[in-house]
Amino acid sequence: MVGLDIDKVRASFPSLRSGYIYADNAGGSQTAQEVINRIVDYLSNTNVQLGADYSVGVQSSQRVADGSVAAALLFNAASVDEVGYGPSSTMLFENIARALDNDIKSGDEFIITEEHEANNGPWKRLAERRGAIVKYWRPVPAEEKNPYSLTYKTEDLVSIVTSKTRIVAISGCSNILGTINPVEASVKAVRQRAKEVGAPKVEVSVDCVAYAPHRKIDVQKWDIDYCVFAVYKIYGAHNAAFYIRSSALESSITSIAHHFLQVDGKPYKIQVGGPGYELVHGASGVVPYLLSLTPENNLDASFAAIAEHEQSLLDPLLSFLKDEKQYDRGVRVVGTSEIDLSRVPTVSFTVIGQKPIKSKDVVAAFDKKGGIGIRYGHFYAYSLIANAIPKLDINDGVVRISLVHYNTVEEVNKIVETLKEVLAQ
Ligand SMILES: Cc1ncc(COP(=O)(O)O)c(C=O)c1O
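Since this is a predicted model, take the numbers as computed values, not measurements. (Residues numbered from 1 in each chain as written. Predicted model: local features only at pLDDT ≥ 70, side-chain atom pairs only at ≥ 80, totals over all residues. Heavy atoms only, no water.)

Peer 1: I would appreciate a short explanation of helix H7 (residues 183–197) in the present structure.
Peer 2: Here H7 is 15 residues long and its end C-alpha atoms lie 21 Å apart, about the 21 Å a rise of 1.5 Å per residue gives. Here H7 has its buried residues at Val183, Ser186, Val187, Val190 and Ala194. The buried residues of H7 occupy an angular sector of 95 degrees when the element is viewed end-on, so they sit on one face. Looking at H7, the residues exposed on the side facing more than 90 degrees away from the buried face are Lys188, Lys195 and Glu196. Those residues of H7 that are buried are in contact with strand S4 (133–137), helix H6 (154–159), strand S7 (165–171), strand S8 (203–207) and helix H8 (219–222). At the C-terminal side of H7, Gly198 shows a positive phi close to 80 degrees. (Helix = DSSP H or I, 4+ residues; strand = E, 2+ residues; numbered from the N terminus. Expected span 1.5 Å × (residues − 1). Buried < 20%, exposed > 50% of the residue type's maximum accessible area, 1.4 Å probe, protein only. Arc of directions from axis to C-beta. Contact = heavy atoms within 4.5 Å.)

Peer 1: Where do I start with the domain arrangement of the chain in this structure?
Peer 2: It is common to give the size of an interface as the accessible area that goes away when the parts come together. Each assigned domain of the chain is listed here: domain 1 (6–31 + 299–423) and domain 2 (45–290). Centre-to-centre, using C-alpha coordinates, domain 1 lies 26 Å away from domain 2. Contact with domain 1, which involves 53 residues of that partner, is made by 41 residues of domain 2. Summing both partners gives a buried area of about 3800 Å² for domain 1 against domain 2, and 58% of it is carried by carbon and sulfur. It is Leu299, Phe303 and Leu384 that lose the most area in domain 1 upon contact with domain 2, and together they represent 18% of the buried surface on that side. At the boundary of domain 1 with domain 2, the tally comes to two salt bridges. Here Lys145 makes a salt bridge to Glu324, at a shortest N to O gap of 2.7 Å. (Domains from an automatic or database assignment. Buried area = accessible area lost by both parts, 1.4 Å probe. Salt bridge = Lys/Arg side-chain N within 4 Å of Asp/Glu carboxyl O.)

Peer 1: Just to check I follow, could you spell out the site of the ligand for this structure?
Peer 2: Looking at the ligand, the residues that line it are Ser88, Ser89, Thr90, His116, Ala118, Asn175, Asp207, Val209, Ala210, Ala230, Tyr232 and Lys233. The contact in question runs from an oxygen atom of the ligand to an N or O atom on the side chain of Asn175, over 3.4 Å. Contact distances for the ligand include 2.6 Å between a nitrogen atom and a side-chain N or O atom of Asp207. Contact with the protein chains removes 88% of the 390 Å² of surface that the ligand exposes when unbound. For the shell around the ligand, the per-class residue count stands at five nonpolar, five polar and two charged. (Near = heavy atom within 4 Å. Polar contact = N/O pair within 3.5 Å; in protein donor to acceptor, adjacent residues only side chain to side chain. Areas by Shrake-Rupley, 256 points an atom, 1.4 Å probe, with all protein chains shown as cover. Nonpolar A, V, L, I, M, F, W, Y, C, P; charged D, E, K, R; others polar.)

Peer 1: How should the sheet that holds S7 be read in this particular structure?
Peer 2: Hydrogen bonding along the main chain pairs the strands of a sheet, whether they run parallel or antiparallel. On the basis of which strands lie adjacent, the open sheet formed by seven strands has the order S2-S10-S9-S8-S7-S3-S4 and mixed pairing. Of all strands in the sheet, those bounded by a partner on one side alone are strand S2 (83–86) and S4. Within this sheet the neighbouring strands show an average axis-to-axis angle of 20 degrees, counted without direction. As defined by bridge partners, strand S9 (residues 226–230) adjoins strand S10 (residues 240–244) across five bridges and the pair is classed as antiparallel. Counterpart to Phe229 in the pairing with S10 is Ala241. On the sheet, helix H4 (residues 89–99) packs against S2, S8, S9 and S10 and is oriented at approximately 160 degrees with respect to S9. (Pairing = 2+ DSSP bridges. Axes fitted to C-alpha atoms, helices over the stretch in contact; angles between N-to-C directions.)

Peer 1: What's the story with the UniProt feature "domain: Aminotransferase class V" (unreviewed entry) in the chain in this structure? I'm lost.
Peer 2: Per the UniProt record, "domain: Aminotransferase class V" (unreviewed entry) is annotated on residues 21–414. The span residues 21–414 is 39% helix and 17% strand, and its two end C-alpha atoms sit 9 Å from each other. (UniProt positions renumbered as here; feature names shortened; annotations may be inferred.)

Peer 1: Please explain the pairing of strand S3 (residues 109–113) as it appears in this structure.
Peer 2: Every other side chain in a regular strand lies on the same face of the sheet, so the side chains alternate between the two faces. Within S3, five of the five residues are buried, leaving the element largely enclosed by the surrounding structure. Burial of the side chains of S3 extends over both faces: Glu109, Ile111 and Thr113 are buried on one face and Phe110 and Ile112 on the other. In the sheet, S3 pairs with S7 via four bridges, with the strands oriented parallel. In the sheet register, Glu109 faces S7, and the bridge partner there is Thr165.

Peer 1: Before we go on, may I ask you to explain the packing of helix H12 (residues 299–322) against helix H16 (residues 409–423) in this structure?
Peer 2: A pair of packed helices is characterised by two quantities: the angle between their axes and the separation of those axes. Axis separation between H12 and H16 bottoms out at 9 Å; the angle between their running directions is 15 degrees. Comparing their axes, H16 and H12 come out roughly parallel. Where H12 crosses over H16, the two elements pack in a sense that is right-handed. Within the contact between the two elements, H12 uses Ser312, Leu313, Pro316, Leu317, Phe320 and Leu321 and H16 uses Val409, Val412, Asn413, Ile415, Val416, Leu419, Lys420 and Leu423. Of the residues in the contact of H12 with H16, the class split is 11 nonpolar, two polar and one charged. (Parallel < 35°, antiparallel > 145°, perpendicular 65-115°, else oblique. Left-handed = near helix turned anticlockwise from the far one by under 90°.)

Peer 1: Is there a simple way to explain a nonpolar patch on the surface in this structure?
Peer 2: Nonpolar side chains collect at one region of the surface, where Val69, Leu73 and Val80 lie side by side and expose about 230 Å² of accessible area between them. For Leu73, a relative accessible area of 43% puts it in the partly exposed group. (Patch = residues over 30% accessible without salt bridge, like charges linked within 9 Å, V, L, I, M, F, W, Y side chains within 5 Å.)

Peer 1: Can you help me understand the packing of helix H14 (residues 359–369) against H16 in this one?
Peer 2: Direction vectors running N to C along H14 and H16 enclose 120 degrees, while the axes themselves pass 10 Å from each other. Between H14 and H16, the crossing angle belongs to the class labelled oblique. The interaxial crossing formed by H14 with H16 has right-handed handedness. Contacts between H14 and H16 pair Val362, Ala365, Phe366 and Lys369 from the former with Ile415, Thr418, Leu419, Glu421 and Val422 from the latter. Here the residues of the contact of H14 with H16 sort into six nonpolar, one polar and two charged.

Written out as structure tokens, the structure reads:
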């Protein structure tokens, strides 16, 4: 496997030329030139309403259709008729849950994780509307000496599957803990258990927003029904893409689109109104960008190269934070501290002990120094932070440093130098 040509990678992002260290990528990545070009080109040359028969209209429709081809590739969907776009992942999950109203009955059980609220709230509201019961798959500490080393155990998920389980809503990767959920294995275990206990219909929804920048999604291999990612976290602009398995589109989803539109079996059932044409066309630029990363010209190779480079970023950062010296100082990694492929370089921590430092103050010290962008808070994984063991201050949350493949080891070393200064207080 050929590694990333990091100079070439960085040259694809105009914003990186400033030398500013972007380390809040789990909040949103920088935008690749290819995406910017497509948005500008769409608005400059083909900005008309879709579906018209005049030449520019035909071209415009084709350009928006390119966005669906890209989303189908990125999800590895069986067909472009299983994907669509919307303004945000949050909105798309809400649309999916609303469109499921007619297929949920009182007493059905939903299993959800307390990760980002986007894949929680819509299910909780749907449960309330329909009288369904919500159960939680909660993380547990992985390391004895660190109660914040939270991780999910598949056996805990399987143990709460019953004959009434209807929806399982999990995330591909935690935007706080940085751990990758082995989705394929978890879903296989859930479906096996569901079969044993006689659950007639279990559908699985996976939030891939924090997963998609780092690893390749495979909705078919994972055997899932609903999936969403945000384009602005995978080097694109501010919109989001959804996948709904064709069987769910046919039999679970009731259209929430205009009553006179012909949407049977089509993703337009939940793609209400225009999806932001220039952004959908822009999203099609993510694929050529990713393919440009390695000579193999396939997404598997690109994501393998991304994962390999990201491990080299994770290593110095996590090694520093989990070191005995920092442990004694009061630093606790929130998440596991294994440096392997089970994790992405989204690293959260808190500083407790004799000389605690508020997350807010760690970030303020970085901001005062300048040149590096990191953040603190609950990052909308409100319930995870509120229920963490022992409890974190919900208003202060964690410090999160989140890197992606365009970051460099030199940048991470600079971040670690600043952390050393802050923690020396
Ligand atoms: C894991 C996760 N899910 C969902 C979202 C929500 O994404 P959007 O801004 O597209 O609604 C985020 C945003 O930070 C996220 O990190």
